[in-house]
Amino acid sequence: MIHLASPIIDDQEIDAVTRVMRSGMLAQGSEVAAFEKEFAATFNVGHAAAVANGTMALVVALRAAGVAHGDEVIVPSFTFAATANAVALAGGVPVFADIDAPSFNINPNEAAKLIGPKTKGIIAVHLYGQMAPMAVLADLAHSHDLFLIEDAAQAHGAVRDGLPVGALSDFSTYSFYPTKNMTTGEGGMVTSTNPDLIEAIRLQRNHGMLRRYHHDLIGTNARMTDISAAIGRVQLTKIAGWNEQRRAIAKIYDLHLAGIVDTPPVVENADHVYHQYTIRSEQRDAIVATCEDVGVGYGIYYPIPTHRQKAFARYATGRELEETDRAAATVLSIPIRPDLQQEEIDIVIDTITTGAKK
Ligand SMILES: Cc1ncc(COP(=O)(O)O)c(C=O)c1O
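Residues numbered from 1 in each chain as written. Predicted model: local features only at pLDDT ≥ 70, side-chain atom pairs only at ≥ 80, totals over all residues. Heavy atoms only, no water.

Caption draft 1: Spatial organisation of the domain arrangement of the chain. Per the domain assignment, the segments making up the chain are domain 1 (11–236) and domain 2 (240–356). Between domain 1 and domain 2, the C-alpha centre-to-centre distance is 24 Å. Contact with domain 1, which involves 37 residues of that partner, is made by 32 residues of domain 2. Summed over both partners, the interface of domain 1 with domain 2 buries about 3100 Å², with 57% contributed by carbon and sulfur atoms. Three residues, Tyr128, Gln130 and Asn181, lead the burial of domain 1 against domain 2; their summed loss comes to 22% of the area buried on that side. (Domains from an automatic or database assignment. Contact = heavy atoms within 4.5 Å. Buried area = accessible area lost by both parts, 1.4 Å probe.)

Caption draft 2: Region of interest: the pattern of salt bridges. Across all of its chains, the model carries 15 salt bridges by this definition. Among the ionic pairs, Arg202 bridges to Glu199, the shortest N-O distance being 3.3 Å. Placement of the pair is Arg202 and Glu199 together in helix H7 (residues 195–205), with a separation of three residues, close to one helical turn. Linking Arg308 and Glu320 is a salt bridge whose minimum nitrogen-to-oxygen distance equals 3.8 Å. Taken as a pair, Arg308 in the loop between helix H10 (284–294) and helix H11 (322–330) and Glu320 in the loop between H10 and H11 lie far apart in primary sequence, twelve residues in all. Exposure remark for Arg308: the relative accessible area of 46% places this residue in the partly exposed category. Each of Arg19, Glu31, Glu38 and Arg233 takes part in one network of salt bridges that share partners. (Salt bridge = Lys/Arg side-chain N within 4 Å of Asp/Glu carboxyl O. Helix = DSSP H or I, 4+ residues; strand = E, 2+ residues; numbered from the N terminus. Buried < 20%, exposed > 50% of the residue type's maximum accessible area, 1.4 Å probe, protein only.)

Caption draft 3: Broad picture of the site of the ligand. Around the ligand, a shell composed of 15 residues is seen, among which Gly54, Thr55, Asp151, Ser175 and Lys180 lie nearest. For the ligand, an oxygen atom lies 2.9 Å from a polar atom in the side chain of Gln154. The side chain of Lys180 places a nitrogen or oxygen atom 2.8 Å from an oxygen atom of the ligand. Starting from 380 Å² of accessible surface for the ligand in isolation, the protein chains cover 91%. At a threshold of 2 Å from the grid points, most atoms of the ligand map onto the largest pocket. Of the residues belonging to the shell around the ligand, the class tally is five nonpolar, eight polar and two charged. (Near = heavy atom within 4 Å. Polar contact = N/O pair within 3.5 Å; in protein donor to acceptor, adjacent residues only side chain to side chain. Areas by Shrake-Rupley, 256 points an atom, 1.4 Å probe, with all protein chains shown as cover. 1 Å grid on protein atoms, 1.4 Å probe; cavity = no way out; pocket = protein on both sides within 12 Å on 5 of 7 lines; lining within 4 Å. Sits in = over half its atoms within 2 Å of the grid points. Nonpolar A, V, L, I, M, F, W, Y, C, P; charged D, E, K, R; others polar.)

Caption draft 4: View of empty space enclosed by the protein. Summed over the entire model, instances satisfying the criterion amount to one cavity of 30 Å³ or more. There is about 50 Å³ of room inside the largest cavity. Lining the largest cavity we find Pro102, Ser103, Phe104, Leu127, Tyr128, Gln130, Pro264, Pro265, His272, Gln276 and Thr278. Residue composition of the lining of the largest cavity, grouped by class: six nonpolar, five polar and no charged. The residues that make up the lining of the largest cavity include at least three from each of domain 1 (11–236) and domain 2 (240–356). (Points joined across faces, edges and corners; volume = space filled by probe spheres on them.)

Caption draft 5: Representation of the sheet that holds strand E7 (residues 163–164). A sheet is described by the order of its strands in space; here three strands give the open sequence E7-E6-E10, paired in antiparallel fashion. The sheet terminates laterally at E7 and strand E10 (270–271), the two strands that pair on one side only. Relative to E7, strand E6 (residues 159–160) runs antiparallel, the two sharing two bridges. Bridged to Arg160 within E7 is Leu163. (Pairing = 2+ DSSP bridges.)

Caption draft 6: Molecular detail of the nonpolar core. Counting residues in each nonpolar core, the largest one holds 40 residues, and the members touching the most others are Phe35, Phe39 and Ile74. At the level of elements, helix H2 (30–43), strand E1 (47–51), strand E3 (93–97), strand E4 (119–125), helix H6 (134–143), helix H8 (226–236) and helix H9 (239–257) are the ones that each hand at least two residues to this core. The contact partners of Phe35, leaving out residues within four places of it in the chain, are Phe176, Met182, Thr184, Met189, Met224, Ala229, Gly232, Arg233 and Leu236. (Core = buried A, V, L, I, M, F, W, Y, C linked by side-chain atoms within 4.5 Å.)

Caption draft 7: The arrangement of the pairing of E1 in detail. Burial within E1 is extensive, with four of its five residues counted as buried. Examined bridge by bridge, E1 and strand E9 (residues 188–192) share five bridges and lie antiparallel to one another. Paired with Ala49 across the two strands is Val190, which belongs to E9.

Caption draft 8: Region of interest: the layout of surface pockets. The computed volume of the largest pocket comes to approximately 630 Å³. Around the largest pocket, the lining is made up of 38 residues, and of these Ser175, Tyr177, Thr179, Lys180 and His275 lie nearest the centre. It is helix H3 (residues 54–64) that contributes the most residues to the lining of the largest pocket, three residues altogether. Formed jointly, the lining of the largest pocket draws a minimum of three residues from each of two domains, domain 1 (11–236) and domain 2 (240–356). Approximately 200 Å³ is the volume found for the second largest pocket. What lines the second largest pocket is a set of 16 residues, and nearest its centre among them are Thr42, Phe43, Gly157, Ala240 and Asn243. At the level of secondary structure, the elements contributing two or more residues to the lining of the second largest pocket comprise H2 and H9. Top contributing element to the lining of the second largest pocket by residue count: H9, with four residues. Its residues assigned to classes, the lining of the second largest pocket comprises ten nonpolar, four polar and two charged.

This is the structure:
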(Lines give C-alpha, C1' and ligand atoms only; values in the text may rest on other atoms or scores of the structure.)
Protein backbone atom coordinates (compact mmCIF):
# COMPACT_ATOMS: atom_id res chain seq x y z
CA MET A 1 0.00 0.00 0.00
CA ILE A 2 1.32 3.45 -0.88
CA HIS A 3 -0.06 5.66 1.84
CA LEU A 4 -1.35 9.11 1.04
CA ALA A 5 0.13 10.67 4.15
CA SER A 6 1.91 9.65 7.31
CA PRO A 7 3.92 11.66 9.85
CA ILE A 8 7.71 11.42 9.62
CA ILE A 9 8.98 10.82 13.14
CA ASP A 10 12.46 9.59 14.05
CA ASP A 11 14.64 9.30 17.15
CA GLN A 12 15.06 13.08 17.38
CA GLU A 13 11.35 13.62 18.04
CA ILE A 14 11.23 10.60 20.36
CA ASP A 15 14.23 11.87 22.33
CA ALA A 16 12.68 15.36 22.56
CA VAL A 17 9.45 13.94 23.99
CA THR A 18 11.41 11.78 26.44
CA ARG A 19 13.36 14.83 27.59
CA VAL A 20 10.15 16.73 28.35
CA MET A 21 8.53 13.73 30.05
CA ARG A 22 11.56 13.32 32.31
CA SER A 23 11.52 17.03 33.17
CA GLY A 24 8.11 16.65 34.81
CA MET A 25 6.89 19.91 33.17
CA LEU A 26 4.29 18.75 30.69
CA ALA A 27 1.89 21.65 30.14
CA GLN A 28 2.63 24.94 28.37
CA GLY A 29 6.07 26.13 29.48
CA SER A 30 9.57 26.72 28.19
CA GLU A 31 9.29 24.31 25.21
CA VAL A 32 6.21 26.17 23.95
CA ALA A 33 7.97 29.52 24.35
CA ALA A 34 11.00 28.23 22.41
CA PHE A 35 8.80 26.68 19.70
CA GLU A 36 6.97 29.99 19.22
CA LYS A 37 10.24 31.91 18.79
CA GLU A 38 11.72 29.31 16.44
CA PHE A 39 8.50 29.07 14.38
CA ALA A 40 8.35 32.86 13.92
CA ALA A 41 12.03 32.93 12.89
CA THR A 42 11.82 29.94 10.54
CA PHE A 43 8.88 31.34 8.59
CA ASN A 44 9.81 35.00 8.98
CA VAL A 45 6.41 35.85 10.41
CA GLY A 46 7.02 38.27 13.25
CA HIS A 47 5.36 36.82 16.32
CA ALA A 48 3.77 33.49 17.13
CA ALA A 49 1.54 31.98 19.82
CA ALA A 50 1.07 28.22 20.02
CA VAL A 51 -2.36 26.72 20.58
CA ALA A 52 -4.02 23.33 20.93
CA ASN A 53 -4.90 22.77 17.25
CA GLY A 54 -5.64 24.55 13.97
CA THR A 55 -9.32 24.93 14.71
CA MET A 56 -8.68 26.71 18.01
CA ALA A 57 -6.07 28.83 16.24
CA LEU A 58 -8.87 30.14 14.02
CA VAL A 59 -11.33 30.55 16.92
CA VAL A 60 -8.95 32.57 19.09
CA ALA A 61 -7.83 34.64 16.08
CA LEU A 62 -11.45 35.45 15.22
CA ARG A 63 -12.20 36.38 18.83
CA ALA A 64 -9.06 38.50 19.05
CA ALA A 65 -10.14 40.19 15.80
CA GLY A 66 -13.31 41.21 17.62
CA VAL A 67 -15.87 38.93 15.99
CA ALA A 68 -19.10 39.23 17.94
CA HIS A 69 -22.56 37.72 17.63
CA GLY A 70 -23.96 38.10 14.13
CA ASP A 71 -20.81 39.49 12.49
CA GLU A 72 -20.34 38.13 8.99
CA VAL A 73 -17.03 36.61 7.95
CA ILE A 74 -16.42 35.72 4.30
CA VAL A 75 -14.86 32.28 3.86
CA PRO A 76 -14.37 29.92 0.94
CA SER A 77 -16.79 26.99 0.93
CA PHE A 78 -14.19 24.74 -0.69
CA THR A 79 -12.09 23.96 2.39
CA PHE A 80 -12.16 21.76 5.47
CA ALA A 81 -15.20 22.54 7.63
CA ALA A 82 -12.95 23.84 10.43
CA THR A 83 -12.71 27.22 8.70
CA ALA A 84 -16.46 27.91 8.82
CA ASN A 85 -16.92 26.03 12.12
CA ALA A 86 -14.49 28.43 13.75
CA VAL A 87 -16.49 31.42 12.52
CA ALA A 88 -19.70 29.97 13.96
CA LEU A 89 -17.97 28.96 17.22
CA ALA A 90 -16.70 32.53 17.62
CA GLY A 91 -20.32 33.74 17.28
CA GLY A 92 -20.04 34.91 13.69
CA VAL A 93 -21.89 34.02 10.51
CA PRO A 94 -19.89 32.33 7.73
CA VAL A 95 -20.69 33.75 4.29
CA PHE A 96 -19.46 31.43 1.57
CA ALA A 97 -17.51 32.67 -1.44
CA ASP A 98 -16.67 30.77 -4.62
CA ILE A 99 -13.13 29.82 -5.60
CA ASP A 100 -10.91 30.71 -8.50
CA ALA A 101 -10.98 27.36 -10.34
CA PRO A 102 -7.31 26.68 -11.21
CA SER A 103 -5.85 27.72 -7.84
CA PHE A 104 -8.69 26.32 -5.67
CA ASN A 105 -8.40 29.45 -3.50
CA ILE A 106 -11.00 32.09 -2.68
CA ASN A 107 -11.80 34.33 -5.64
CA PRO A 108 -11.33 37.96 -4.49
CA ASN A 109 -13.93 39.21 -7.02
CA GLU A 110 -16.49 36.80 -5.59
CA ALA A 111 -15.54 37.79 -2.03
CA ALA A 112 -15.99 41.47 -2.93
CA LYS A 113 -19.58 40.83 -4.04
CA LEU A 114 -20.44 39.50 -0.57
CA ILE A 115 -19.28 42.50 1.45
CA GLY A 116 -22.17 44.19 3.22
CA PRO A 117 -22.92 46.22 6.37
CA LYS A 118 -22.46 43.21 8.69
CA THR A 119 -19.18 42.02 7.17
CA LYS A 120 -16.36 42.10 9.68
CA GLY A 121 -13.61 40.13 7.96
CA ILE A 122 -12.33 37.65 5.41
CA ILE A 123 -10.54 34.33 5.85
CA ALA A 124 -8.37 33.16 2.97
CA VAL A 125 -7.44 29.46 3.03
CA HIS A 126 -4.17 28.51 1.33
CA LEU A 127 -5.67 25.28 0.09
CA TYR A 128 -3.37 22.32 -0.61
CA GLY A 129 -0.33 24.51 0.16
CA GLN A 130 -0.65 27.24 -2.46
CA MET A 131 -1.13 30.79 -1.24
CA ALA A 132 -4.23 32.79 -2.10
CA PRO A 133 -3.66 36.19 -3.80
CA MET A 134 -2.87 38.02 -0.57
CA ALA A 135 -2.00 41.42 -2.06
CA VAL A 136 -5.42 41.64 -3.77
CA LEU A 137 -7.22 40.36 -0.69
CA ALA A 138 -5.36 42.78 1.60
CA ASP A 139 -6.38 45.72 -0.63
CA LEU A 140 -9.97 44.52 -0.54
CA ALA A 141 -9.95 44.10 3.25
CA HIS A 142 -8.30 47.47 3.90
CA SER A 143 -10.60 49.37 1.58
CA HIS A 144 -13.62 48.07 3.55
CA ASP A 145 -12.01 48.19 6.99
CA LEU A 146 -12.18 44.41 7.41
CA PHE A 147 -9.81 42.09 9.20
CA LEU A 148 -7.98 39.49 7.14
CA ILE A 149 -7.00 36.04 8.43
CA GLU A 150 -4.96 33.44 6.56
CA ASP A 151 -5.90 29.83 7.29
CA ALA A 152 -2.48 28.33 6.60
CA ALA A 153 -3.26 24.92 8.11
CA GLN A 154 -1.98 23.40 4.85
CA ALA A 155 0.71 25.93 3.96
CA HIS A 156 3.70 25.91 6.35
CA GLY A 157 6.45 27.74 4.51
CA ALA A 158 4.51 28.89 1.44
CA VAL A 159 5.60 32.11 -0.27
CA ARG A 160 4.00 34.32 -2.94
CA ASP A 161 5.55 37.31 -4.69
CA GLY A 162 8.46 37.16 -2.28
CA LEU A 163 6.23 37.45 0.78
CA PRO A 164 5.68 34.62 3.26
CA VAL A 165 2.32 33.60 4.71
CA GLY A 166 1.38 36.20 7.32
CA ALA A 167 3.02 39.25 5.75
CA LEU A 168 -0.19 40.98 4.64
CA SER A 169 -2.86 39.86 7.11
CA ASP A 170 -3.79 40.42 10.73
CA PHE A 171 -3.40 36.78 11.69
CA SER A 172 -2.25 33.51 10.14
CA THR A 173 -3.27 30.20 11.63
CA TYR A 174 -1.60 26.81 11.30
CA SER A 175 -2.40 23.18 12.11
CA PHE A 176 0.07 20.50 13.18
CA TYR A 177 -2.27 17.55 12.77
CA PRO A 178 -0.26 14.38 11.88
CA THR A 179 -1.06 14.55 8.15
CA LYS A 180 0.10 18.18 7.80
CA ASN A 181 3.49 19.21 6.34
CA MET A 182 4.82 19.22 9.91
CA THR A 183 3.24 17.83 13.05
CA THR A 184 3.15 18.06 16.83
CA GLY A 185 0.58 15.25 17.22
CA GLU A 186 -2.23 17.76 17.58
CA GLY A 187 -1.36 21.41 17.68
CA GLY A 188 -1.73 24.83 16.13
CA MET A 189 -0.08 28.24 15.86
CA VAL A 190 -1.26 31.80 15.37
CA THR A 191 1.16 34.33 13.91
CA SER A 192 1.01 38.06 13.36
CA THR A 193 3.39 40.83 12.45
CA ASN A 194 1.70 42.91 15.16
CA PRO A 195 2.90 42.04 18.70
CA ASP A 196 -0.25 43.52 20.28
CA LEU A 197 -2.40 41.12 18.29
CA ILE A 198 -0.31 38.18 19.50
CA GLU A 199 -0.76 39.35 23.09
CA ALA A 200 -4.51 39.20 22.42
CA ILE A 201 -4.09 35.56 21.31
CA ARG A 202 -2.16 34.76 24.52
CA LEU A 203 -5.11 36.11 26.51
CA GLN A 204 -7.69 34.24 24.44
CA ARG A 205 -5.91 30.90 24.72
CA ASN A 206 -5.59 31.04 28.50
CA HIS A 207 -8.92 32.21 29.95
CA GLY A 208 -8.14 35.88 29.45
CA MET A 209 -5.30 35.55 31.94
CA LEU A 210 -1.75 36.85 31.63
CA ARG A 211 -1.28 37.24 35.40
CA ARG A 212 -2.45 34.20 37.34
CA TYR A 213 -6.14 34.41 38.36
CA HIS A 214 -6.54 37.90 36.90
CA HIS A 215 -9.02 37.46 34.04
CA ASP A 216 -9.07 40.43 31.68
CA LEU A 217 -11.53 38.93 29.23
CA ILE A 218 -13.53 35.77 28.63
CA GLY A 219 -11.24 33.24 27.04
CA THR A 220 -10.75 29.52 26.80
CA ASN A 221 -8.10 26.85 27.28
CA ALA A 222 -6.46 26.49 23.88
CA ARG A 223 -2.94 25.92 25.18
CA MET A 224 -0.35 23.63 23.60
CA THR A 225 1.59 21.18 25.77
CA ASP A 226 5.38 21.23 26.11
CA ILE A 227 5.34 17.64 24.81
CA SER A 228 3.81 18.78 21.52
CA ALA A 229 6.08 21.80 21.29
CA ALA A 230 9.17 19.61 21.72
CA ILE A 231 8.07 17.55 18.69
CA GLY A 232 7.38 20.74 16.75
CA ARG A 233 10.84 22.17 17.46
CA VAL A 234 12.48 19.14 15.86
CA GLN A 235 10.07 19.13 12.92
CA LEU A 236 10.87 22.81 12.28
CA THR A 237 14.48 21.87 11.52
CA LYS A 238 13.27 19.56 8.74
CA ILE A 239 10.32 21.37 7.17
CA ALA A 240 12.27 23.27 4.51
CA GLY A 241 13.82 20.04 3.19
CA TRP A 242 10.50 18.23 3.26
CA ASN A 243 8.82 21.05 1.31
CA GLU A 244 11.62 20.86 -1.27
CA GLN A 245 11.04 17.12 -1.61
CA ARG A 246 7.32 17.70 -2.08
CA ARG A 247 8.07 20.21 -4.85
CA ALA A 248 10.48 17.77 -6.53
CA ILE A 249 7.84 15.00 -6.55
CA ALA A 250 5.26 17.50 -7.91
CA LYS A 251 7.62 18.28 -10.81
CA ILE A 252 7.78 14.58 -11.72
CA TYR A 253 3.99 14.27 -11.55
CA ASP A 254 3.58 17.45 -13.63
CA LEU A 255 5.84 15.99 -16.30
CA HIS A 256 4.13 12.61 -16.52
CA LEU A 257 0.49 13.41 -15.78
CA ALA A 258 0.00 16.61 -17.83
CA GLY A 259 -2.47 15.91 -20.64
CA ILE A 260 -3.76 12.79 -18.87
CA VAL A 261 -5.47 14.63 -16.02
CA ASP A 262 -5.56 18.32 -15.06
CA THR A 263 -2.41 18.84 -13.02
CA PRO A 264 -2.44 21.62 -10.39
CA PRO A 265 -1.16 24.90 -11.84
CA VAL A 266 1.24 26.94 -9.72
CA VAL A 267 0.71 30.68 -9.78
CA GLU A 268 3.68 32.63 -11.03
CA ASN A 269 6.33 33.66 -8.55
CA ALA A 270 5.08 31.41 -5.76
CA ASP A 271 6.45 28.55 -3.68
CA HIS A 272 3.71 25.93 -3.44
CA VAL A 273 4.33 23.58 -0.49
CA TYR A 274 2.11 20.80 -1.88
CA HIS A 275 0.35 19.74 1.28
CA GLN A 276 -1.63 17.91 -1.37
CA TYR A 277 -0.97 17.27 -5.04
CA THR A 278 -4.50 17.57 -6.34
CA ILE A 279 -5.44 16.62 -9.86
CA ARG A 280 -8.81 17.12 -11.53
CA SER A 281 -10.45 14.60 -13.82
CA GLU A 282 -13.89 13.76 -15.14
CA GLN A 283 -12.63 10.17 -14.88
CA ARG A 284 -12.26 10.39 -11.11
CA ASP A 285 -14.36 7.29 -10.32
CA ALA A 286 -12.28 5.13 -12.67
CA ILE A 287 -9.02 6.50 -11.26
CA VAL A 288 -10.22 5.87 -7.70
CA ALA A 289 -11.18 2.28 -8.60
CA THR A 290 -7.72 1.70 -10.09
CA CYS A 291 -6.03 3.19 -7.01
CA GLU A 292 -8.02 0.79 -4.85
CA ASP A 293 -7.08 -2.19 -7.03
CA VAL A 294 -3.38 -1.36 -6.97
CA GLY A 295 -3.20 -0.10 -3.36
CA VAL A 296 -2.43 3.56 -4.02
CA GLY A 297 -3.71 5.89 -1.31
CA TYR A 298 -5.84 8.83 -2.41
CA GLY A 299 -8.05 11.49 -0.90
CA ILE A 300 -10.98 13.58 -2.05
CA TYR A 301 -10.63 16.96 -0.37
CA TYR A 302 -13.46 17.87 -0.26
CA PRO A 303 -16.34 15.84 -1.69
CA ILE A 304 -19.09 18.07 -0.25
CA PRO A 305 -18.48 21.82 -0.13
CA THR A 306 -19.06 23.41 3.28
CA HIS A 307 -22.08 25.44 2.16
CA ARG A 308 -23.84 22.18 1.20
CA GLN A 309 -23.21 20.48 4.55
CA LYS A 310 -26.18 19.83 6.84
CA ALA A 311 -24.44 21.66 9.69
CA PHE A 312 -24.37 24.88 7.66
CA ALA A 313 -27.92 24.76 6.27
CA ARG A 314 -28.91 27.67 8.52
CA TYR A 315 -26.46 29.93 6.65
CA ALA A 316 -27.85 29.07 3.21
CA THR A 317 -28.24 32.02 0.87
CA GLY A 318 -29.26 30.18 -2.29
CA ARG A 319 -26.21 31.65 -4.04
CA GLU A 320 -24.67 29.17 -6.49
CA LEU A 321 -20.93 28.46 -6.10
CA GLU A 322 -20.29 26.91 -9.47
CA GLU A 323 -16.52 26.50 -9.35
CA THR A 324 -16.75 25.08 -5.84
CA ASP A 325 -19.26 22.44 -6.95
CA ARG A 326 -17.18 21.61 -10.02
CA ALA A 327 -14.03 21.19 -7.93
CA ALA A 328 -15.81 18.96 -5.39
CA ALA A 329 -16.92 16.68 -8.24
CA THR A 330 -13.52 16.32 -9.91
CA VAL A 331 -10.63 16.71 -7.43
CA LEU A 332 -8.40 13.85 -6.36
CA SER A 333 -5.29 14.09 -4.17
CA ILE A 334 -2.52 11.56 -4.73
CA PRO A 335 0.48 10.66 -2.54
CA ILE A 336 3.13 13.38 -2.23
CA ARG A 337 4.78 12.46 1.06
CA PRO A 338 8.40 13.68 1.22
CA ASP A 339 9.54 10.12 1.96
CA LEU A 340 7.95 8.66 -1.18
CA GLN A 341 10.43 6.43 -3.07
CA GLN A 342 11.02 6.66 -6.84
CA GLU A 343 9.43 3.25 -7.45
CA GLU A 344 6.34 4.36 -5.53
CA ILE A 345 6.15 7.55 -7.59
CA ASP A 346 6.32 5.40 -10.75
CA ILE A 347 3.49 3.18 -9.50
CA VAL A 348 1.33 6.23 -8.69
CA ILE A 349 1.91 7.65 -12.19
CA ASP A 350 1.07 4.30 -13.85
CA THR A 351 -2.03 3.89 -11.73
CA ILE A 352 -3.42 7.36 -12.45
CA THR A 353 -2.64 6.99 -16.15
CA THR A 354 -4.34 3.57 -16.35
CA GLY A 355 -7.39 4.81 -14.45
CA ALA A 356 -7.75 7.95 -16.55
CA LYS A 357 -7.68 5.92 -19.79
CA LYS A 358 -10.31 3.39 -18.68
C1 LIG B 1 -7.81 24.30 5.90
C2 LIG B 1 -7.85 23.80 7.31
N3 LIG B 1 -8.25 24.63 8.28
C4 LIG B 1 -8.27 24.25 9.57
C5 LIG B 1 -7.92 22.98 9.95
C6 LIG B 1 -8.05 22.58 11.37
O7 LIG B 1 -6.89 22.15 11.96
P8 LIG B 1 -6.92 21.08 13.17
O9 LIG B 1 -7.28 19.76 12.61
O10 LIG B 1 -5.52 21.12 13.71
O11 LIG B 1 -7.91 21.56 14.17
C12 LIG B 1 -7.47 22.08 8.97
C13 LIG B 1 -6.99 20.74 9.35
O14 LIG B 1 -7.47 19.73 9.12
C15 LIG B 1 -7.46 22.49 7.62
O16 LIG B 1 -7.07 21.65 6.64
